[in-house]
Amino acid sequence: MHSGFLMIALFSITALSLIMIFLFIEGISIFDHVSIKEFIFGKYWYPTDDPADFGILALILGSFCVTFLSGIMAIPLGIMTAIYLAEIAPPKVAEIVKPIVELMASMPSVVIGFFGMVVVAPFIQKLFNIPVGLNIFNASLMLAFMSVPTICSISEDAIFSVPTALKEASFALGATHFETIVKIIIPASLSGICTAVILGLSRAVGETMVVLMAAGGAAMIPGSIFDPVRPLPASIAAEMAEAPFRSEHYHALFAIGIVLFLFTLIFNLIADFLSHKFRQVGEASL
């Protein structure tokens, strides 16, 4: 059994390593034609022009704006829902609501993107009287809808795992239920909550179909939350099938994949750091 599990673990690590190596081999070639500075900070993405422009600053800002706005909506909603399910909701209500939240996490992203494109976009366009409903705000709403179940589920598990002795001690000292939640339960579960937030946002950064269908697809620097954008994953999905094999455009899309890989890697490193920094060790550590 030990050898079997070791082989499975080594296979997973090897497969991921080979994917990463292939990504870097195919993507680094673009820097023979354009410098790293021009690629990262260039304002124009016109890969089919002659000469072509391979600047991804607009794509990076689009990804950042969509992820940041979705985080503003998803983080409070996800954490407060987790606190309600773990500490406030009656057991019968929690038994019904938690499976529904987890079911939302398994919903296909293409369905959410189609809903944002067909239903939410016309509603936003009519409500705010704007030219187009496919924009940053629409994509952020859909990404928040996708991130909330992940944040809620992991945070709820972290809150539920807080030792009962800590809560009982707080009640014994005369603290109210609200004070116990704010001053005892949340600090004790902060490691798991931070991990949930970072993982939820990292999913939003790497999401493809939702931003491809709901963000508008315009590779330009946004001026407001109602401007259409094209985030990094959407650019790869939209153009990879049209890029000639081993062309500059082809290598540039792989370079975008490298940038996206580094972003998600940073998110996961932050999650690992926070989970260790705020980890509770024993019931008396507070």
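Per chain, the residues get numbers from 1 upward, laid out in the order the sequence is written. Only residues with pLDDT of 70 or above have their local features reported here, since the model is predicted, and side-chain atom pairs are shown and tallied only from 80 upward, although totals for entire chains, interfaces and linings are computed over all residues. Hydrogen atoms and water are omitted, and side-chain values are computed over all heavy atoms in the structure.

Along an α-helix, residues three or four positions apart point the same way, because every turn accommodates 3.6 residues. The helix count covers DSSP runs of H or I at least four residues long, the strand count covers runs of E at least two residues long, and both are numbered beginning at the N terminus. By definition here, a helix of n residues has an expected span of 1.5 Å times n minus one. The terminal C-alpha atoms of helix H6 (residues 136-160), which comprises 25 residues, lie 35 Å apart, in line with the 36 Å expected from a rise of 1.5 Å per residue. Its maximal kink placed at Ser 147, H6 deviates by approximately 30 degrees, while the proline Pro 149 follows within four residues. Of all 25 residues that make up H6, 20 are buried, and the element is covered over most of its length. Counting of polar contacts relies on pairs of N or O atoms within 3.5 Å, with two restrictions inside protein: one atom must be capable of donating a hydrogen and the other of accepting it, and residues adjacent in sequence are counted only when both atoms are side-chain atoms. Measuring from the side-chain oxygen of the N-cap residue of H6 to the backbone nitrogen of Phe 137 gives 3.3 Å; that N-cap residue is Asn 135. We define the bend at any residue as the angle between the axes fitted to the seven residues before and including it, ending there, and the seven starting there. Relative accessibility under 20% of the residue-type maximum defines a buried residue, over 50% an exposed one, and the middle range a partly exposed one, all with a 1.4 Å probe and only protein chains included.

With that settled, the discussion passes to helix H11 (residues 232-239). Taken together, the buried positions of H11 are occupied by Leu 232, Pro 233, Ala 234, Ser 235 and Glu 239. A contact between two residues is defined here by any heavy atoms of the two lying within 4.5 Å. Contacts made by the buried residues of H11 are with strand S1 (45-46), helix H3 (57-88), helix H9 (190-206), helix H10 (209-214) and helix H12 (248-277).

What follows deals with the packing of aromatic side chains. Two rings from Phe, Tyr or Trp (for Trp, the six-membered ring) form a pair when their centres are within 6.5 Å of each other. A pair whose planes differ by under 30 degrees is stacked, one over 60 is edge-to-face, and the rest are tilted. Taken as a whole and judged by the stated rule, the model has 11 aromatic pairs. Ring centres of Tyr 44 and Tyr 46 lie 6.3 Å apart, and the angle between their planes is 15 degrees; this geometry places the pair in the stacked category. Put simply, the rings of Phe 22, Phe 245, Tyr 250 and Phe 254 touch in pairs and so form one group of aromatic residues.

Here we come to the pattern of salt bridges. We define a salt bridge as a contact between a side-chain nitrogen of Lys or Arg and a carboxyl oxygen of Asp or Glu at a distance within 4 Å. Per the counting criterion, the structure on display carries 5 salt bridges. Salt-bridge contacts for Arg 246 lead to Glu 26; the nearest nitrogen and oxygen are separated by 3.1 Å. Of this pair, Arg 246 sits in the loop between H11 and H12 while Glu 26 sits in helix H1 (residues 2-28), and the two are 220 residues apart along the sequence. If you follow the salt bridges from partner to partner, you end up with Lys 98, Glu 156 and Asp 157 in one network.

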